[in-house]
Every structure is written in structure tokens, then in C-alpha cells.
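Take a look at the letters that make up each chain.
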Amino acid sequence: MQAVKQQRMGTDLAVFDSSLCKGYLIDVGANVGDSLRSFYTKPSCAVRPGFNQTPGIALKVSTSKCAWQWPWWMQLPERRTHCVYAIEPNVILEPRLQSEATALRQEVGNRIRIFPRVALSIGDGNATFGLDKTHPHGVGSSLHLHRHTMGLDSKGAYRKGAGPALADGSVAIVKKMDAVALLRSLPRSLPVALKIDVEGHEYELLRDLLITGALCNHVDSLFVEWHSTAEGLPGTPRSLDQAMQWMLSTHNPRWSELSKEWRPIGGPVCRTTLLKWD
């Protein structure tokens with residue numbers, strides 16, 4: 001794998017018109033733009049705790065037209081005032097992601113920046129990215145070249161991880177974007193949401209954000225799709241996913257009370273609330 005620089009460097013980012021951005025979403029692993037479209041168009045299915053609904057009057061949004069991913073404190077009118085950094089290293093997905101962003105800009109204005117062939121990671125530089133060309137959407141693609149592509153398992157079923165190792169197939173050189181530098185570049189006075197779906201790279205990425213303080217100091221809502229720890233770098237502890245979820249879910253002494261009512265658990269020590277992404 002190509003050597004990369006590990007020092008903290010300024011992140012080369014296109015600057016938003018600050019008057020447009022009332023908050024930010026960092027969409028890491030933006031894929032073809034499904035999460036981007038949901039962010040700007042789907043109302044939240046969740047209702048604020050203690051909300052007094054008028055008897056006999058149904059909520060305006062049916063569950064078939066809303067999204068449970070977005071918590072009640074991230075309602076659609078607010079989200080449509082936020083700006084988005086959509087980061088996706090997989091070249092296979094780039095055309096559809098760009099097309100989705102172009103369509104959404106017609107609705108929300110110039111609030112979307114696409115970073116194709118870029119991986120949010122530790123430090124700047126370049127990295128080798130493995131492309132899973134056994135699937136039309138490259139779903140097994142990853143920075144972790146020991147991972148396996150889609151393929152047939154011993155029972156003849158086509159599933160993720162049953163094919164050859166990414167290192168044995170097609171690779172691309174992508175640019176790395178320093179996650180810590182990116183978060184530190186955002187205004188601390190505005191709400192920031194971070195969505196991470198990075199095929200096993202979440203463990204070292206979150207470790208870096210935690211030990212530098214960038215996560216607790218800059219992120220309000222953290223969405224993570226957790227993958228098997230076997231998909232992390234060699235040596236990743238097998239129970240690390242559970243350990244990280246525990247740390248990120250219990251840092252506030254009132255976490256149990258707040259979680260029962262699905263309230264943000266951000267406090268004076270850490271402003272971050274962990275949420276599930278799937």
C-alpha cells in the first residue's frame with residue numbers, strides 16, 4: 001500500500017457561503033446519495049417526548065413517507081437549512097452520487113459539496129482503495145484490502161465477503177481527508193451530524209476522533225453503521241464494537257434516564273449522542 005502522511009494538515013475544502021449553513025452533515029460513505037436525499041426530503045418519524053397530540057387528529061406524516069433514522073431533534077425544516085459534505089471514495093458510485101446531488105441542489109440550493117474518490121480517514125495523503133467489481137454497486141469496496149468481495153459461499157449463496165480478497169482484484173488510489181481537521185474547521189456554535197458507513201474502517205476512524213477530542217467537541221449527532229470487527233484492520237479487538245458503543249452511549253451520568261425518552265445525551269464533557277445507521 002502506498003505510504004501516507006500522518007501529520008495533521010489543513011483540509012482542502014470548498015468553502016460554503018456561511019449564510020446558507022445553519023448546521024452541517026458530514027456524510028461519510030455517501031454511496032449513491034440515498035442518505036443525502038433522505039436528509040433533505042424525508043420527515044422524521046420520531047416525535048418530541050411529551051408532544052401533546054390533539055385527540056382524534058393523526059400526525060401529518062405517515063410512517064411510509066418518513067424516516068426513523070432522523071431523531072426528533074433533527075426535523076426536516078431544520079435539516080433543509082444545513083450544508084452537507086458528501087464523501088465517497090468508490091469511483092463506481094460517483095456518477096449516481098453526482099446526479100443525485102445535482103437534482104437536490106435544485107431544491108435546497110448550493111448547500112451540497114461532493115468529494116468523490118476521497119476517503120475520510122486519519123491524516124492526509126493518498127491511500128489504496130479496493131474495488132469490489134463483482135457487484136454492480138461495489139458494495140464490498142473498502143480501504144481494508146484484506147476484506148473479501150461479494151461471492152458464492154459453500155452453500156452456493158451469493159453474499160458479502162465470500163469472494164476473493166480486495167488486494168487480489170482492482171484497486172484505485174484515492175485522496176485521504178483528515179477527519180479531525182475537517183471537524184475542527186466547522187463552527188463550534190452550529191449543530192454537526194456525522195454519518196459513518198465505511199465498511200470496517202469505523203474503528204480506527206472513531207478511535208482517532210475520540211483520542212483527539214474532535215468527536216466530543218464538534219459532533220452533536222453521530223450515526224454509525226457497525227460492521228464486523230473482522231472487517232477492521234488486523235488486530236482489531238473482536239468486541240471493540242460493543243466497547244465503543246458503550247463509551248459513546250454512557251458518557252453522560254444521566255444517560256439511562258435520557259435514553260429511555262430518546263433524548264440527546266450530550267453534556268458538558270461530550271456533546272455527542274450516538275445513533276444507529278442502517
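All residue numbers here refer to positions counted from 1 along the written sequence of the relevant chain. Restriction of local features to residues with pLDDT of at least 70 applies here, the model being predicted, together with a cutoff of 80 or more for giving and counting side-chain atom pairs; totals for whole chains, interfaces and linings are based on all residues. As a rule here, side-chain values cover all heavy atoms of the structure and leave hydrogens and water aside.

Draft legend 1. Broad picture of the pattern of salt bridges. Definition used for salt bridges: Asp or Glu carboxyl oxygen within 4 Å of a side-chain nitrogen of Lys or Arg. Applying the stated criterion across every chain yields a total of 10 salt bridges. Put simply, Asp27 and Lys195 hold a salt bridge, and the shortest N to O gap is 2.7 Å. Taken together, the residues Asp27 in strand S1 (residues 24-28) and Lys195 in strand S9 (residues 192-196) connect sequence positions 168 residues apart. Among the residues examined, Asp27 registers a relative accessible area of 0% and is labelled buried. According to the relative accessible area criterion, Lys195 is buried, its value standing at 3%. A salt bridge links Glu257 to Arg254; its shortest N-O distance comes to 2.8 Å. In this scheme, a residue with accessible area under 20% of its type's maximum is buried, one over 50% is exposed, and one in between is partly exposed, where area comes from a 1.4 Å probe on protein chains only. Classification of Glu257 by relative accessible area gives partly exposed; the value is 47%. Taken together, the shared-partner salt bridges in this structure form one network comprising Arg37, Arg80, Glu100 and Glu107. In DSSP terms, a helix is any run of H or I states spanning at least four residues, a strand is any run of E spanning at least two, and both are numbered starting from the N terminus.

Draft legend 2. Just the packing of aromatic side chains, in detail. Between 30 and 60 degrees the pair is tilted, below 30 it is stacked and above 60 it is edge-to-face, where a pair is any two Phe, Tyr or Trp rings, Trp via its six-membered ring, whose centres lie within 6.5 Å. Counted under the stated rule, the structure contains 10 aromatic pairs. On the basis of an interplanar angle of 75° and a centroid distance of 5.4 Å, the ring pair of Trp70 and Phe223 is categorised as edge-to-face. Of this pair, Trp70 sits in the loop between helix H1 (34-41) and helix H2 (76-79) while Phe223 sits in strand S10 (residues 221-224), and the two are 153 residues apart along the sequence. Take Trp70: its relative accessible area is 1%, and that puts it in the buried class.

Draft legend 3. Focus on the state of the cysteines. Note on terminology: disulfide denotes any pair of cysteine sulfur atoms within 2.5 Å. This model, assessed by the stated rule, comprises 3 disulfides. Here Cys45 connects covalently by a disulfide to Cys66, the sulfurs 1.9 Å from one another. Taking the sign of the S-S torsion, about 105° here, the bridge from Cys45 to Cys66 comes out right-handed. In this pair, Cys45 sits in the loop between H1 and H2 while Cys66 sits in the loop between H1 and H2, placing the two residues 21 residues apart along the sequence.

Draft legend 4. Up close: the sheet that holds strand S4 (residues 118-121). The strand order across the open sheet built from 3 strands is S4-S8-S5, with neighbouring strands paired in mixed fashion. Among the strands making up the open sheet, the edge pair consists of S4 and strand S5 (125-131). Neighbour to neighbour, the strand axes of the sheet diverge by 45° on average, direction disregarded. The sheet contact formed by S5 and strand S8 (residues 170-178) spans 7 bridges and is antiparallel. Looking at S8, one finds that Gly130 is bridged to Val171. At least two DSSP bridges between two strands are required for those strands to pair. To get an axis, fit a line to the C-alpha atoms, keeping to the stretch in contact for a helix; angles then go from 0 to 180 degrees between the N-to-C directions.

Draft legend 5. How the structure looks around the packing of helix H5 (residues 202-212) against helix H7 (residues 240-249). The interhelical angle for the contact between H5 and H7, taken along N-to-C directions, is 35°, at an axis separation of 11 Å. For the pair H5 and H7, the sense of crossing is left-handed. Here Tyr203, Leu206, Arg207 and Leu210 of H5 come into contact with H7, specifically with Leu240, Asp241, Met244, Met247 and Leu248. The class makeup of the residues in the contact of H5 with H7 is 7 nonpolar, no polar and 2 charged. The crossing is said to be left-handed when, going from far helix to near helix, the turn is anticlockwise and less than a right angle, and right-handed when the turn is clockwise. Contacts between residues were defined by any pair of non-hydrogen atoms, one from each residue, lying within 4.5 Å. Under the scheme applied, nonpolar residues are Ala, Val, Leu, Ile, Met, Phe, Trp, Tyr, Cys and Pro; charged residues are Asp, Glu, Lys and Arg; polar residues are all the others, including Gly.

Draft legend 6. Local environment of H5. Taken as a whole, H5 has its buried residues at Glu202, Tyr203, Glu204, Leu205, Leu206, Asp208 and Leu209. Buried residues in H5 make contact with S4, helix H4 (179-184), S9, helix H6 (214-218), S10 and H7.

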